[in-house]
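Examination of the molecular architecture
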Amino acid sequence: MSANGHGADPFARAAAIVAHDADLVGDAVVPPIVQTSLFTFASVAEMTATFAGETARPVYSRGLNPTVRAFEEKVAALECAEDALAFASGMAAISSAVLGFVKPGDRIVSVTHVYPDAFRLFETMLKRFGVATQYLDPADDEALAASLPGAAVLYLESPNSWMMEAHALAPLAALAKRHGVVTIVDNSCATPLFQQPHRLGCDLVVHSASKYLGGHSDTVAGVVAGSATQIGRLRDEVLPYLGSKLSAFEAWLLLRGLRTLPQRMAAHQATALTLAERLAEHPAVSAVHHPELRRSLPPGLAGTSGLFSAELSEAVDIAGFCEGLKLFRLGVSWGGHESLVVPALVTHAQAGGPNPARVFGVPRRMVRLHAGLEGVELLWSDLARSLERSTRRTQHDAEDDIAHRRAGRGADRHRIGTDA
Ligand SMILES: *Cc1c(COP(=O)(O)O)cnc(C)c1O
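Rules used in this analysis
- Residues numbered from 1 in each chain as written.
- Predicted model: local features only at pLDDT ≥ 70, side-chain atom pairs only at ≥ 80, totals over all residues.
- Heavy atoms only, no water.
- 1 Å grid on protein atoms, 1.4 Å probe; cavity = no way out; pocket = protein on both sides within 12 Å on 5 of 7 lines; lining within 4 Å.
- Points joined across faces, edges and corners; volume = space filled by probe spheres on them.
- Nonpolar A, V, L, I, M, F, W, Y, C, P; charged D, E, K, R; others polar.
- Helix = DSSP H or I, 4+ residues; strand = E, 2+ residues; numbered from the N terminus.
- Expected span 1.5 Å × (residues − 1).
- Buried < 20%, exposed > 50% of the residue type's maximum accessible area, 1.4 Å probe, protein only.
- Phe/Tyr/Trp six-rings, centres within 6.5 Å; stacked < 30°, edge-to-face > 60°.
- Core = buried A, V, L, I, M, F, W, Y, C linked by side-chain atoms within 4.5 Å.
- Contact = heavy atoms within 4.5 Å.
- Pairing = 2+ DSSP bridges.
- Axes fitted to C-alpha atoms, helices over the stretch in contact; angles between N-to-C directions.
- Patch = residues over 30% accessible without salt bridge, like charges linked within 9 Å, V, L, I, M, F, W, Y side chains within 5 Å.
- Areas by Shrake-Rupley, 256 points an atom, 1.4 Å probe, with all protein chains shown as cover.
- Salt bridge = Lys/Arg side-chain N within 4 Å of Asp/Glu carboxyl O.
- Lys, Arg positive; Asp, Glu negative; His and termini not counted.
- Charge placed at Lys NZ, Arg CZ, Asp CG, Glu CD.
- Left-handed = near helix turned anticlockwise from the far one by under 90°.
- Near = heavy atom within 4 Å.
- Polar contact = N/O pair within 3.5 Å; in protein donor to acceptor, adjacent residues only side chain to side chain.

So, the layout of surface pockets
Estimated volume of the largest pocket: approximately 660 Å³. As for the largest pocket, its lining consists of 31 residues, of which Tyr115, Lys211, Val332, Ser333 and Arg368 are closest to the centre. Per-class residue counts for the lining of the largest pocket are 14 nonpolar, eleven polar and six charged.

Side note on helix H16 (residues 376–390)
What sets the pattern is the α-helix's 3.6 residues per turn: residues three or four places apart point alike. When the terminal C-alpha atoms of H16 are compared, their 21 Å separation across 15 residues agrees well with the 21 Å that a helix rising 1.5 Å per residue should span. Of all the positions in H16, only Leu379, Trp380, Asp382, Leu383, Ala384, Arg385, Ser386, Leu387 and Ser390 are classed as buried.

Comments concerning the packing of aromatic side chains
Inspection of the entire model under this criterion finds seven aromatic pairs. Arranged with centres 5.2 Å apart and planes meeting at 80 degrees, the rings of phenylalanine 122 and tyrosine 155 form a pair that is edge-to-face. Taken together, the positions of phenylalanine 122 in helix H5 (residues 116–128) and tyrosine 155 in strand E4 (residues 153–157) put the pair 33 residues apart, joining distant regions of the chain. Both residues of the pair, phenylalanine 122 and tyrosine 155, belong to the buried class.

As for the nonpolar core
Residues Ile108, Val153, Leu154, Tyr155, Ile184, Val224 and Leu234 are the most contacted members of the largest nonpolar core, which totals 46 residues. Sequence-distant contacts of tyrosine 155, defined by excluding residues within four places in its chain, comprise Ile94, Val98, Ile108, Val109, Ser110, Val111, Val114, Ala118, Phe122, Ile184, Asp186 and Val206. Residues Ile17, Val68, Ala190 and Ala209 belong to the second largest nonpolar core, which totals 36 residues.

Some points on the sheet that holds strand E10 (residues 329–330)
On the basis of which strands lie adjacent, the open sheet formed by five strands has the order E8-E9-E12-E11-E10 and mixed pairing. Either end of the sheet is taken by a strand with one partner, and the two such strands are strand E8 (285–289) and E10. Where strand E11 (residues 340–343) lies against strand E12 (residues 366–370), four bridges are found, and the strand directions are antiparallel. Paired with valine 341 across the two strands is leucine 369, which belongs to E12. Where helix H12 (residues 261–280) meets the sheet, it contacts E8, strand E9 (307–312) and E12, and its direction lies at approximately 15 degrees from that of E9.

Things to note about unusual backbone geometry
With an omega of -10 degrees, the peptide bond between serine 158 and proline 159 qualifies as cis. Along the chain, proline 159 falls in the loop between E4 and helix H7 (169–178). Of note in this structure, methionine 164 is not a glycine but carries a positive phi near 60 degrees. By secondary structure assignment, the location of methionine 164 is in the loop between E4 and H7.

Overview of a negative patch on the surface
On the surface, Asp137, Asp140, Asp141 and Glu142 cluster together to form a negatively charged patch. Note on placement: aspartate 137 falls in the loop between strand E3 (132–136) and helix H6 (141–147).

Some thoughts on the environment of alanine 42
Of note, alanine 42 is situated in the loop between helix H1 (10–19) and helix H2 (44–51). Given the relative accessible area of 77%, alanine 42 is considered exposed. Expressed as a C-alpha distance, the spacing of alanine 42 and histidine 179, which sit 137 residues apart in the sequence, is 49 Å.

Here's the deal with the packing of helix H3 (residues 66–78) against helix H11 (residues 248–258)
For the pair H3 and H11, interaxial distance at closest approach is 8 Å and the crossing angle is 35 degrees. Judged by the sense of rotation from one axis to the other, the crossing of H3 with H11 is left-handed. Between H3 and H11, the contacting residues are Thr67, Val68, Ala70, Phe71, Lys74, Val75 and Leu78 on the first element and Ala248, Ala251, Trp252, Leu254, Leu255 and Leu258 on the second. Along the lines of polarity and charge, the residues of the contact of H3 with H11 split into eleven nonpolar, one polar and one charged.

Concerning the site of the ligand
Taken together, 14 residues surround the ligand, and among them Gly90, Met91, Asp186, Ser210 and Lys211 come closest. At 2.8 Å from an oxygen atom of the ligand is found a main-chain nitrogen or oxygen belonging to glycine 90. Within the side chain of serine 208, a nitrogen or oxygen atom sits 2.9 Å from an oxygen atom of the ligand. Isolated, the ligand exposes 380 Å² of accessible area, and the fraction of that covered by the protein chains is 90%.

Topic: the pairing of strand E6 (residues 204–208)
Counting buried positions along E6 yields five of five residues, so the element is predominantly enclosed. Side-chain alternation along E6 places Leu204, Val206 and Ser208 on one buried face and Val205 and His207 on a second face that is also buried. The sheet contact formed by strand E5 (residues 182–186) and E6 spans three bridges and is parallel. Bridge pairing in E6 places isoleucine 184 opposite leucine 204.

Given below as C-alpha cells:
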C-alpha cells in the first residue's frame, strides 16, 4: 500500500508518512533548516525560466522555502490532498483561505461555535469589506438548505470550539458542491489522523498547527490543504500579498512534532475519554461535552482528541476549582503535552469586539479541559481533588463541622491528599 492509501488503519497510514524523509541533502535523516531569505541563480537563463514558471525552485522565502515545503508536503499527504500551503498562524491560514474565495457582496454560511477569532474576523474585518456571515447548526437541515443557495463559502469546524459538536462532513460538502459553494473546514481538533475532510469532499482544510500538528506548545503556525488548483490560487493570489508566511525554523519544529502525531493522539484520546466518562458520573458535574461520550462519532470521524468541556454544578466555586488544579494549568490554546483548563466565565468577560461566548451562548458554568500526556490516573486525582475542595458543602456538613469544633476536634474530613 502506498503511504497515501485511503482504506488502511489511520495510525499505520499516518505513521508511514511522518516517520521518513527520503533523499535529503548530505544524507541527513531530518530536513535541514534552510534559514535564508533568497536563493541565487547560476545564469540569467535559469532565472528567466524560473520567473516564467518553466522551472519550480525557491526564489525568495516569502513564497517558497524548502523546510516549509517539507512540512506542507507532509500535511498534504496526511490530509489526502494534492497540495498544502503553510502560514504564520492558524488565523493566517483561516483568513487567507476565506479571503481567497470571497468578494464584496458575498455571503459566508458558518457553523455556530466557531473558533472565537474566526468569528471576529467574519464580524469585523470581512463585514467592512462587504462580506456577510450567517451562522447555523449544520444539523438543522432546513436552515442549511435555505442558506446555501447564493452563498460563497460554507465554513465548518468539527468538532467545534467549546461545545465539541461533530458533524458528518461528506453530506454537507456534497450539498455545498451542488450549490457551487466552497467548503472550508477547520480540522485542528480531529487532526488528519482521525478526519480527512478533503477526502470527504470538502474543498479546503485549515489547521492551527499550533495545536496537535506541532504538539509541543512551542510554535504558532497554520496550514491549508486542498486541491492543486485551489491551493495554487492561495499561493499565487493571497500568500505573496498578505505575506503571512511560516518561518523555516517553525516548519522544522512542526516536522519534529509531526513524527509522533499518531502516538500522541492515541494517548490524548484515551486519557480524555476516561476523564470525560468519570466526570460525567461526578455529582458536582452537571454535563460533559465530548464528541464520543454516550453517542457515536459521525461517519468520517475516526477518533477524538484530548479536548472536552464540562459544566459544573451551582455548588462548585469555578475559580477555586481552576486554581486548585495542579496539573491542569490555566491557559489558552491546547494540543501540547500539558493539561490545561479555561473557564467560560473568562471568555464571557472578554472585551474587544464581538463576543462569541455570549452570542452563541457558551454555558457560563462550563470549563474547557485539555488532557495532556501526564497520565490518566494523575490527571483524574487532580480533577477529583480540586472538585472536592471547591464544592460548597451542604448545610448539614457545616453544622456537623461546628459541632466537631465545639467538641474540640478538627473538622478536616473533606480534605484529601497530603499537601493541604
Ligand atoms: C487555536 C485555533 C485557531 C487559531 O490558530 P492560531 O494558530 O492560534 O492562529 C483556529 N482554530 C481553532 C479550532 C483553534 O483552536
